[in-house]
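# Coordinates in review
Take a look at the letters that make up each chain.
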Amino acid sequence: MKVHDFARRLGLPDSKVRYYDQAGLIRGGRQKENNYRDLTGQDALNIYHAQMLRSFGMGVQEALAAQGQELTVIDGWVDNHARELERQIAWEEMRLQRLREMQVYFSVIESRKGRLGQNFVDESWSLWSFGQTAPLSPAEERSMKLLAQNMPFSYIAIRIARESLLSPGEELGVSVGLGILEPNRAKLGLELSPEVSRARGGSKVNLLLELADPFAMTKRDIAPLLAEMERRGMEPREDLEGRIFISYMKGGSFVHGVALGFFEE
């Protein structure tokens, strides 16, 4: 049987069959009368077996080598690839969650900008590197590198210092860095420095803002938040923390979409 005819029966391109032939997967000889390869159903099974293993993400050489391995060895390979696929699925689920979070922001920014909303947030870890913050220690630098390498599961975090909220002036002490929700940190197995700040989770009152320069934020920008805290008789007991969802053009200016808020007592 010609390679072309054999490949058509397999549903594969000729080049794939020739590749497997060169790799030694096809064991048939050649017909004396016409020198065609003596391709058999057993060769087809060998190729399908290699194709199946390749479809699970195994390397070409792994799939070819599996032809000569005992079941226990193949089981070990399959288990390793299954674990890797589970890890990839967990990553993709987290990536999808982050995209959905951004879509929520897109859907509500115009109606909720400058107004208060309420939502539940998980515990989180944050590390501050720009604005009103101290230089990073070596341990914090290692943690910052981990967070930067694990975007989009980590996010751009923003903080307003409690001291500036209590001060009489309009200026606010703003810091920006990276943060990550505790469930995502746990799924990724990230070991962060004990110096990285951890914020509690719970019901939170948030304010959505569009800011050209978050570092120049003033009390006037977050007036609805401050008014709501005053209405509830709450004095700031901790920093206000939130995140910057995404940046984009708005009315000819580049702005940052910010969510900031406080936890309900």
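Small disclaimer: the values here were computed from a predicted structure and weren't measured. (Residues numbered from 1 in each chain as written. Predicted model: local features only at pLDDT ≥ 70, side-chain atom pairs only at ≥ 80, totals over all residues. Heavy atoms only, no water.)

This brings us to the overall build of the protein. Looking only at helices and strands, one finds nine helices and eight strands in the protein. For a compact globule of 265 residues, the expected C-alpha radius of gyration is about 18 Å, and the protein comes in at 29 Å, more than 25% above that figure. On the principal axes, the C-alpha backbone points of the protein span a range of 100 × 40 × 30 Å. The buried share among the 265 residues of the protein stands at 41%. Counted over contacts in the protein with a minimum sequence separation of 6, partners at least 24 positions apart contribute 70%. A total accessible area of about 15400 Å² is found for the protein, and carbon and sulfur atoms account for 53% of it. Seen as two clouds, the 34 positive and the 37 negative side-chain charges of the protein have centres 6 Å apart. (Helix = DSSP H or I, 4+ residues; strand = E, 2+ residues; numbered from the N terminus. Rg over C-alpha atoms; globule rule 2.2 N^0.38 Å. Buried < 20%, exposed > 50% of the residue type's maximum accessible area, 1.4 Å probe, protein only. Contact = heavy atoms within 4.5 Å. Areas by Shrake-Rupley, 256 points an atom, 1.4 Å probe, with all protein chains shown as cover. Lys, Arg positive; Asp, Glu negative; His and termini not counted. Charge placed at Lys NZ, Arg CZ, Asp CG, Glu CD.)

Glancing now at the side chain of histidine 256. Positionally, histidine 256 belongs in strand 8 (residues 253-263). A distance of 2.6 Å separates a polar atom in the side chain of histidine 256 from a polar atom in the side chain of serine 247. Leave out the neighbours within four places in its chain, and histidine 256 touches Leu209, Glu210, Leu211, Ala212, Pro214, Ile244, Ile246 and Ser247. (Polar contact = N/O pair within 3.5 Å; in protein donor to acceptor, adjacent residues only side chain to side chain.)

Pairing in this open sheet of eight strands is antiparallel, and the strands run 1-6-8-7-3-4-2-5 from one edge to the other. Edge positions in the sheet fall to strand 1 (116-121) and strand 5 (197-199), since each has one partner strand and no second. Going from strand to strand, the sheet's axes swing by 40° on average, the running direction of each strand aside. Lying on the sheet, helix 5 (residues 71-112) is in contact with strand 1, strand 3 (154-160), strand 4 (174-181), strand 6 (202-211), strand 7 (240-250) and strand 8; it crosses strand 7 at an angle near 75°. Running at roughly 105° to strand 2 (residues 124-131), helix 6 (residues 138-149) makes contact with strand 2, strand 3 and strand 4 of the sheet. (Pairing = 2+ DSSP bridges. Axes fitted to C-alpha atoms, helices over the stretch in contact; angles between N-to-C directions.)

The computed volume of the largest pocket comes to approximately 750 Å³. Every residue lining the largest pocket is counted, 36 residues in all, and those nearest its centre are Asn119, Val121, Lys204, Asn206 and Arg243. Listing elements by their share of the lining of the largest pocket, those giving two or more residues are helix 5, strand 1, strand 2, strand 3, strand 5, strand 6, strand 7 and strand 8. The dominant element in the lining of the largest pocket, judged by the number of residues it contributes, is helix 5, at six residues. Broken down by class, the residue content of the lining of the largest pocket amounts to 16 nonpolar, 10 polar and 10 charged. (1 Å grid on protein atoms, 1.4 Å probe; cavity = no way out; pocket = protein on both sides within 12 Å on 5 of 7 lines; lining within 4 Å. Points joined across faces, edges and corners; volume = space filled by probe spheres on them. Nonpolar A, V, L, I, M, F, W, Y, C, P; charged D, E, K, R; others polar.)

The first and last C-alpha atoms of helix 6 sit 17 Å apart over 12 residues, in line with the 16 Å expected at 1.5 Å per residue. All of the buried residues in helix 6 are Ala139, Glu140, Ser143, Met144 and Leu147. Along the long axis of helix 6, the arc covered by the buried residues comes to 135°, so they all point the same way. Projecting away from the buried face of helix 6 at angles above 90 degrees are the exposed residues Pro138, Arg142, Lys145 and Gln149. (Expected span 1.5 Å × (residues − 1). Arc of directions from axis to C-beta.)

Per the counting criterion, the structure on display carries five aromatic pairs. Plain terms: the ring middles of tyrosine 105 and phenylalanine 245 are 5.3 Å apart, the flat faces sit at 20° to each other, and that makes the pair stacked. Taken as a pair, tyrosine 105 in helix 5 and phenylalanine 245 in strand 7 lie far apart in primary sequence, 140 residues in all. Between the aromatic rings of tyrosine 105 and tyrosine 248, the centroid separation amounts to 6.4 Å while the plane-to-plane angle is 55°, which identifies the pairing as tilted. (Phe/Tyr/Trp six-rings, centres within 6.5 Å; stacked < 30°, edge-to-face > 60°.)

Bringing helix 1 (residues 3-10) into the picture now. All of the buried residues along helix 1 are Val3, Phe6, Ala7 and Leu10. Across the axial projection of helix 1, the buried residues extend over an arc of 100°, all falling on one side. Helix 1 presents Arg8 and Arg9 as exposed residues on the side facing more than 90 degrees away from its buried surface. Contacts from the buried residues of helix 1 go to helix 2 (14-22) and helix 3 (41-55). Just downstream of helix 1 lies glycine 11, where phi reads positive at about 80°.

Turning our attention to the packing of helix 1 against helix 3. Where helix 1 meets helix 3, the axes come as close as 11 Å, and the angle between the chain directions of the two elements is 55°. The angle between the axes of helix 1 and helix 3 places the two elements in the oblique class. In the crossing of helix 1 with helix 3, the sense of the turn from one axis to the other is right-handed. Where helix 1 abuts helix 3, its residues Phe6, Arg9 and Leu10 lie against Asp43, Ala44, Ile47 and Tyr48. When its residues are assigned to classes, the contact of helix 1 with helix 3 shows five nonpolar, no polar and two charged. (Parallel < 35°, antiparallel > 145°, perpendicular 65-115°, else oblique. Left-handed = near helix turned anticlockwise from the far one by under 90°.)

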